[in-house]
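If you want the building blocks of each chain, they are given just below.
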Amino acid sequence: MFLETSVLLGIHLAGFALWTGFLIGFLLLGTSAIRLLRACVVVMPMTLLSGWALAFVQFGAPGSWFWAVNAMQTAGLAMAVVLLVAVFGALMLLRDAEATRDPEAVATATRRLTRLVGVDIGLAVLILGFALAGRYG
Ligand code: HEM
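First, a word on what this report is: a plain description of the structure on this page. (Residues numbered from 1 in each chain as written. Predicted model: local features only at pLDDT ≥ 70, side-chain atom pairs only at ≥ 80, totals over all residues.)

Attention now moves to the overall build of the protein. Of the regular secondary structure elements, the protein holds four helices and zero strands. Secondary structure of the protein in N-to-C order comes out as α-α-α-α. For the protein, the spread of C-alpha atoms along the three principal axes comes to 55 × 25 × 20 Å. In the protein, which comprises 137 residues, the share counted as buried stands at 23%. In the protein, of all internal contacts separated by at least 6 residues, the share reaching a separation of at least 24 is 73%. (Helix = DSSP H or I, 4+ residues; strand = E, 2+ residues; numbered from the N terminus. Buried ≥ 20, exposed ≤ 12 C-beta atoms within 10 Å, placed from the backbone. Contact = placed C-beta atoms within 7 Å.)

Have a look at this one:
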């Protein structure tokens, strides 16, 4: 039980660090670092699945999860949706804009993608707040 929890928490925290780190890396490096966003799509299910496994192993059925886990789950799912909209929506629109060679359209599409990534980072910070409030609050 202790080993299971430690391994799952390790995977979960690695997922958190990679997902958030790649998002911040993308903001710093710009649209040339699209690979970082694609890597987030791989890390995302790992983070969510380890979160659910951790919650089941530690606290049992969803009805008995405490508020911070429920809040983390809700914000985590929102974070996943925003990431998918960024990668499969905004990124595609950026590609279309690049194909038109219209600098204004490219700038608008880049801004839209950057904003979504910023929102995802904001959600990660919120989740960190829930995690810390749940543990030490
Ligand atoms: C399906 C969604 C999720 C569930 C069910 C979930 C569940 C959990 C659980 C049960 C813990 C251990 C809490 C404790 O023992 O005090 C935890 C810890 C943590 N989770 Fe999540 N999580 C989810 C998504 C996420 C996401 C998306 C992130 C960030 C990207 C995240 C970041 C963290 C962090 C930083 C901790 C460490 C808290 C600590 O141990 O002090 N979680 N999570």
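Let's pick the thread back up.
Attention now moves to the site of the ligand. Taken together, 23 residues are adjacent to the ligand, and Phe 16, Gly 51, Ala 55, Gly 76 and Ala 131 come closest. Secondary-structure elements contributing two or more residues to the shell around the ligand are helix H1 (2-29), helix H2 (34-59), helix H3 (67-100) and helix H4 (103-136). Per-element tally for the shell around the ligand: the top contributor is H2, with seven residues. Grouping the amino acids of the shell around the ligand by side-chain chemistry returns 14 nonpolar, eight polar and one charged. (Near = placed C-beta within 6 Å. Nonpolar A, V, L, I, M, F, W, Y, C, P; charged D, E, K, R; others polar.)

To continue, consider H4. Relative to the 50 Å expected for 34 residues at 1.5 Å per residue, H4 spans 49 Å between its end C-alpha atoms, a close match to the ideal helical length. Within H4, burial applies to Ala 109, Leu 113, Leu 116, Val 117, Asp 120, Leu 123, Ala 124, Ile 127 and Phe 130. Buried positions along H4 lie against H1 and H3. (Expected span 1.5 Å × (residues − 1).)

For the rest of this paragraph, the subject is unusual backbone geometry. Even without glycine at this site, Arg 101 takes up a positive phi of about 60°. As for its position among the elements, Arg 101 is in the loop between H3 and H4. Judged by C-beta crowding, with 8 C-beta atoms within 10 Å, Arg 101 ranks as exposed.

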